[in-house]
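A closer look at the structure
Each chain, letter by letter, is given below.
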Amino acid sequence: MEVLVHFERSPYPATFIAGLLAHLVFNRLEPRSIPAFGSLLCFIPISLGVYLRHHFHNTVLGILWIWALYLIALVCSTIAYRLSSFHPLAKYPGPVMCRITKLWLARIGWTGKQYLYYQELHTLYGDIVRTGPNELSFADISYISPMMGANGMPKSSFWDGGFPDQKQHRSLVGIRNSLDHSRLRKVWSRAFTPDALKYYHTLVDKRCSQLIEALGGSAGDEVDLKTWFHWFSHDVMSDVAYGSGPEMLRNKDIGAIWKLLEEGQPVSIVMLHLPWLGEFFMTIPMFASKLREFKDYCVKRTERRYYSGSPNKDLFYYLMDEAGLEAEKPAYEQVVNDSNLAIVAGSDTVATSLPNVFWLLLQNPSAYIRIQKEVDQLGDKIYDAVELAKAPYLNAVINETLRLHPPVMSGSSRSPWVHSQGHQLGQHYIPVGTTTSIHFYTVQRDSRYFSPSPNDFIPERWLARDVQKELEPQVFSDEAQIVHETSAFLPFSTGPMDCIGKRFAVQELRLVVARLIREFDMEFAEGFDPRVSEDQMKDFFVTSLGSLPVVLQKRL
Ligand code: HEM
């Protein structure tokens, strides 16, 4: 009775309790829709203000005051809970700002330097760091299999932020339900059989000849290899996905598609960190229009391929199930979204790896000479994917590049399934709602897994011991110092949700690197300092690079 009287006398207890209840709702239900946010952040506190307005002389100011106090109560209780020992992740170390809000990492993500931030956190706090209120980052490879392996966890809510426009028929990479994921993955995997790869090899080879011809035309002049590789990889992926492309190698990026993808990168990393922002972003014309522009481009390309048909088995052939192997035809919208994924996942990553290979080789003349010698000795065998797969130094250079600079530096996250009881990760119980990931960049440069000199480009570490000693006797003199833990090599991730295009990607990288090395001598353009490339590297989930100015000379 006394409590009720107190409530009647003062508007504050009711306001604070309402704020605390709102925190409970956010915590339990994690609402994502604009109406839910609108109700919890505006409608309820304003209604409360209207109800309690008789406590104030000025009605409008009174309502605003109640609204502000409600939000303060909500924010304070959220912060207090996240920092308290009651939080299920309380025992894990991490910076206070990360524990309080995911906005902190989103801000760092926007700068493109999150990969260094994660690495720094692991150096400071150890192998398991709380990088968000409900997020843990791991840098110990014993957690890879229980997290990402066959008995691991499904994809996390990170992916909800990546596809605010895909309400239904989300593309493969973003599907969180493991059963749905494996069903669609089965369709995708038909597109990467050895026979399919053989056909794609011919497509890459053709584009490679076109690239060599174009670069040959600029022999002796400065060219930006990064831009050429972007055009090349986009044309290749369009050929693979739809049987033809926008011909960027010939027309450059006249449709500004690559520009569109690049401009969208900082926004997409923020959305991936803050999945609840997706709906809001879609209401902001500037952001939504860019997303729609790319979607329209994919829809147009898909439509063209759908109606024109193709005599060849491109990726679309498998995704659309033109062979009629599935009981039910895939939804058209699903194929549009998956083709869109193929273009982004297949071109961005390769377009990042290729400049990195040459950037590293040009800084390491002895490695350049070795790879060139191997390629020259192979002669015309370089056109044969099977022979090329056996070239040890070429493979070592590609692996070492992907180890030092994985195109997806911060890894891909996993969470316990929403309707599960959580997940046991080694000795750690991971509650539902927690996002976990292995930080690829950190792990791949960890001296416990790669030694000696884990931060240096030493392709020889991928060769047999006797060859290592013969080529680099000083580096590999001390057997006890050599560590080469291939399970810590994760550029394509691992497990049933790893990169489905990995064999194709490596096949493509081998051919392009071998053919360019055989065809040209190259050096950095005059005045270019290769160290600036490291500063320009940005982690927007897929790495973004600065330019790579080189001068090429024809060899043959
Ligand atoms: C150097 C090149 C590439 C790298 C480093 C790379 C890396 C990755 C990574 C790290 C993932 C996330 C996997 C996960 O969630 O655990 C991924 C997924 C994926 N990648 Fe790649 N990728 C490359 C090239 C390609 C190519 C050429 C394609 C061709 C279409 C492709 C298609 C995909 C697809 C469809 C997924 C989603 C797989 C799934 O969720 O089941 N990638 N890739």
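Just above sits the structure.
Residues numbered from 1 in each chain as written. Predicted model: local features only at pLDDT ≥ 70, side-chain atom pairs only at ≥ 80, totals over all residues. Heavy atoms only, no water.

Turning next to the overall build of the chain. Counting its regular elements, the chain contains 24 helices and 12 strands. Across its three principal directions, the C-alpha atoms of the chain cover 95 × 60 × 50 Å. Looking at the chain as a whole, 54% of its 556 residues are labelled buried. For the chain, the proportion of contacts with a sequence separation of at least 24, taken over those separated by at least 6, is 73%. With an accessible surface of roughly 25,000 Å², the chain has 58% of that area assigned to carbon and sulfur atoms. (Helix = DSSP H or I, 4+ residues; strand = E, 2+ residues; numbered from the N terminus. Buried < 20%, exposed > 50% of the residue type's maximum accessible area, 1.4 Å probe, protein only. Contact = heavy atoms within 4.5 Å. Areas by Shrake-Rupley, 256 points an atom, 1.4 Å probe, with all protein chains shown as cover.)

On to the sheet that holds strand β1 (residues 128–132). The strands making up a sheet associate through backbone hydrogen bonding, with each pair oriented either parallel or antiparallel. With mixed pairing, the three strands of this open sheet are ordered in space as β1-β2-β6. In the strand order of this sheet, the two ends are held by β1 and β6 (435–438), each with one partner. Neighbour to neighbour, the strand axes of the sheet diverge by 25° on average, direction disregarded. Lying over the sheet, helix α7 (residues 114–125) contacts β1 and β2 (135–138), oriented at roughly 135° with respect to β1. (Pairing = 2+ DSSP bridges. Axes fitted to C-alpha atoms, helices over the stretch in contact; angles between N-to-C directions.)

This part covers helix α10 (residues 194–216). Here α10 contains 23 residues, and its C-alpha end-to-end distance of 32 Å stays within 8% of the 33 Å for a straight helix at 1.5 Å per residue. Taken as a whole, α10 has its buried residues at A196, L197, Y200, H201, L203, V204, R207, C208, L211, I212 and L215. (Expected span 1.5 Å × (residues − 1).)

With 118 residues, the main nonpolar core has W188, Y200, L315, F358 and I438 as its most contacted residues. When residues in this core are grouped by element, the largest group, 13 residues, is from helix α17 (residues 332–363). Among all residues touching W188, those that are not within four sequence positions of it are L172, L315, L319, D338, L341, A342 and I500. Counting residues in each nonpolar core, the second largest holds 16 residues, with V267, I269, F540 and V542 among its members. (Core = buried A, V, L, I, M, F, W, Y, C linked by side-chain atoms within 4.5 Å.)

A word on the side chain of S437. Checked against the element boundaries, S437 lands in strand β6. The contact partners of S437, leaving out residues within four places of it in the chain, are L136, S137, F138, M147, S410, S412 and S413.

Bringing the state of the cysteines into the picture now. Summed over all chains, the structure comprises zero disulfides. C42 provides the cysteine sulfur closest to C76, a residue in no disulfide bond, and the two sulfurs are 18 Å apart. No disulfide involves C208; its nearest neighbouring cysteine sulfur is the one of C499, lying 20 Å away. A relative accessible area of 0% places C208 in the buried class. (Disulfide = S-S within 2.5 Å.)

Moving on, we come to the site of the ligand. Taken together, 27 residues form the shell around the ligand, and within it R185, S412, R414, S493 and C499 come nearest. Within the contact set of the ligand, an oxygen atom lies 2.7 Å away from a side-chain nitrogen or oxygen of K155. The contact in question runs from an oxygen atom of the ligand to an N or O atom on the side chain of S493, over 2.5 Å. Contributions of two or more residues to the shell around the ligand are made by α9 (178–189), α17 and α23 (502–519). For the shell around the ligand, the element with the most residues is α17, which contributes five residues. For the shell around the ligand, the per-class residue count stands at 16 nonpolar, seven polar and four charged. (Near = heavy atom within 4 Å. Polar contact = N/O pair within 3.5 Å; in protein donor to acceptor, adjacent residues only side chain to side chain. Nonpolar A, V, L, I, M, F, W, Y, C, P; charged D, E, K, R; others polar.)

This part is about the pairing of β2. Put simply, side chains in a regular strand alternate between the two faces of the sheet. Here β2 shows two buried faces, one formed by E135 and S137 and the other by L136 and F138. Of the pairings in the sheet, the one linking β1 to β2 comprises four bridges and is antiparallel in character. Residue I128 lies in a different strand from β2, and its bridge partner there is F138. Following β1, the chain reverses through two residues before pairing antiparallel with β2. As paired elements, β2 and β6 share four bridges and run parallel to each other. Its bridge partner lying in β6, F138 is registered against I438.

On the surface, Y12, F16 and W65 cluster together to form a nonpolar patch covering roughly 290 Å² of accessible area. With respect to the helices, strands and loops of the structure, W65 is situated in helix α4 (residues 59–83). (Patch = residues over 30% accessible without salt bridge, like charges linked within 9 Å, V, L, I, M, F, W, Y side chains within 5 Å. Salt bridge = Lys/Arg side-chain N within 4 Å of Asp/Glu carboxyl O.)

Once that is clear, we can look at the sheet that holds strand β9 (residues 520–524). Taken in spatial order, the three strands line up as β3-β12-β9 in an open sheet, and their pairing is antiparallel. Looking at which strands have only one partner, the edges of the open sheet turn out to be β3 (222–224) and β9. Recorded for the sheet is a direction-independent mean angle of 45° between the axes of neighbouring strands. Two strands pair when backbone bridges link them, and β3 and strand β12 (residues 549–554) are joined in this way by three bridges, in the antiparallel orientation. Its bridge partner lying in β12, D224 is registered against P549. Along the sheet, α10 contacts β3, β9 and β12; its crossing angle with β9, the most-contacted strand, is approximately 60°. Here α23 sits on the sheet in contact with β9 and β12, set at roughly 95° to β9.

A cis amide bond links S451 to the next residue, P452, at an omega of 0°. Its identity is not glycine, yet D321 carries a phi of approximately 55°, on the positive side. Its place among the elements puts D321 in the loop between α16 (315–319) and α17. Judged by its relative accessible area of 3%, D321 is buried. Of note in this structure, S453 is not a glycine but carries a positive phi near 45°. Within the fold, S453 resides in the loop between β7 (450–451) and α22 (465–471). Since its relative accessible area comes to 34%, S453 is described here as partly exposed.

Here a ring pair, both rings aromatic, is described through the centre-centre distance and the interplanar angle of the planes. Per the counting criterion, the structure on display carries 19 aromatic pairs. Ring centres 5.1 Å apart and planes at 75° place the aromatic pair W228 and W231 in the edge-to-face group. With W228 and W231 both in helix α11 (residues 225–242), this residue pair falls three residues apart, about one helical turn. One aromatic cluster is present, built from ring pairs that chain together W188, F192, Y199, Y200 and F504. Above the ring of W104, the side-chain terminus of R107 is found at 4.5 Å from the ring centroid. Here the basic side chain of R403 rests over the ring of F450, its NZ or CZ set 5.1 Å away from the ring centre. (Phe/Tyr/Trp six-rings, centres within 6.5 Å; stacked < 30°, edge-to-face > 60°. Lys NZ or Arg CZ within 6 Å of the ring centre and 35° of its normal.)

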